[in-house]
Amino acid sequence: MTYNTVEKTPVTLLGLGAMGTALARAWLAAGHPLTVWNRTAPRARPLAAEGAKVADSAADAVAASALVVVCLLDDASVQEALAGADLAGRDLVNLTTSTPAQARERADWARERGARYLDGGIMAVPPMIGVPESGGYVFYSGSPELFDRHRDTLAVPAGTVYVGRDAGFAALHDVALLSAMYGMFAGAAHAFALIRKEDIDPASLAPLLADWLVAMAPAVHRTADQLRSGDYTRGVVSTLAMQAAGTPAFLSTAEQQGVSPELLSPYFALMRRRLAEGGGEEDLTGVIDLLVR
Ligand code: FVH
């Protein structure tokens, strides 16, 4: 009998939290020989039953495969878990959320120990892993050779987007997208607060809100075009002057509805500053320059 696992790249995975377990199941389902380790050993038991080899220590797990994937809580746990492991000759892929600076330091740290390094930022939640139609993907940055070598294996749990040789870029893209997401959530929170005390069903606002946000999202392409050209009036649809003139209505409505303006006010203050600097005919792009110190 032949097993299709024979041709698949063996993978070692450190970390069996919610995300690590989802990654493990995706590689197992695709037939990759998988060695796993988790600080709290019983968490590995279900995966052992599904075909994973369970290592007694992180060092043993690292020794088991050339490709070592790490998905732990934070950078400090990566340091702790890998402290006693021999990384020489390993291809280390770190999917643990970190800052760009931590990722760059971790890349140097890995290189000093004889490993090649790729950093990853996961743009997915566990149920999206191993489900190609979910749209989940992982940003990768660091060694391009390592990315090319393991592209197919890395593509098993989620899509892959390589964003450059600088190991910090995956984390930077990750944080940039998630920061935008929190801005969106903040706007949605304000919108729901405005109707909270009215006879309006939040469930009737939700689809309107979702559709509106989707309709507005492509504006980011115009922003990018203006940033590249340096001309913030290029293709402008609604000028800053016009939009700033409307902000008192937003603040008055918030007051009338008994809603704190604290989520909107900082953005409006930046709009006013850019207007005072003479950016009235521009788009909202000038706000970005006020943020960059
Ligand atoms: N889950 C999610 O929705 C997000 C989606 C985007 C990416 N994140 C990041 O993925 C990393 C792992 O997340 P997770 O969901 O697996 O997290 P937990 O379920 O909390 O599991 C944490 C694992 O880390 C182990 N761990 C913690 N501290 C240490 C340590 N000092 N030494 C060794 N291992 C450590 C923990 O082990 P245990 O508690 O079971 O013993 C879990 O295996 C993360 O960076 C997210 O930001 C997920």
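In short, a report on the structure.

## A look at the pairing of strand β6 (residues 116-123)
Piece 1. Along β6, 7 of the 8 residues are buried, which leaves the element largely enclosed by surrounding structure.
Piece 2. Here strand β5 (residues 91-94) pairs with β6 via 4 bridges, running parallel. When the bridges of β6 are listed, D91 appears paired with R116.
Piece 3. You can see the chain leave β5, run along helix α5 (residues 100-112) and come back into β6, and the turn it takes is right-handed.
Piece 4. In this structure, β6 lies alongside strand β7 (residues 137-142), joined through 6 bridges in antiparallel fashion. Across the sheet, D119 pairs through a bridge with S141, a residue of β7.

## Focus: the side chain of D119
Piece 1. Here D119 shows up in strand β6.
Piece 2. Sequence-distant contacts of D119, that is, excluding residues within four places in its chain, are made with N94, S98, A103, F139, Y140, S141, A167, A170 and A171.

## Examining the packing of aromatic side chains
Piece 1. Summed over the entire model, instances satisfying the criterion amount to 5 aromatic pairs.
Piece 2. Between Y140 and F147, the aromatic rings sit 5.7 Å apart at their centres with planes inclined by 40°, giving tilted as the arrangement. Summarising the burial analysis for this pair, Y140 and F147 share the class buried.
Piece 3. With relative accessibility at 3%, the residue F147 sits in the buried group.
Piece 4. Among the aromatic side chains, those forming a connected cluster through ring pairs are Y140, F147 and Y162.

Conventions used here
- Residues numbered from 1 in each chain as written.
- Predicted model: local features only at pLDDT ≥ 70, side-chain atom pairs only at ≥ 80, totals over all residues.
- Heavy atoms only, no water.
- Buried < 20%, exposed > 50% of the residue type's maximum accessible area, 1.4 Å probe, protein only.
- Helix = DSSP H or I, 4+ residues; strand = E, 2+ residues; numbered from the N terminus.
- Pairing = 2+ DSSP bridges.
- Right-handed = clockwise from strand over helix to strand, strands pointing away.
- Contact = heavy atoms within 4.5 Å.
- Phe/Tyr/Trp six-rings, centres within 6.5 Å; stacked < 30°, edge-to-face > 60°.

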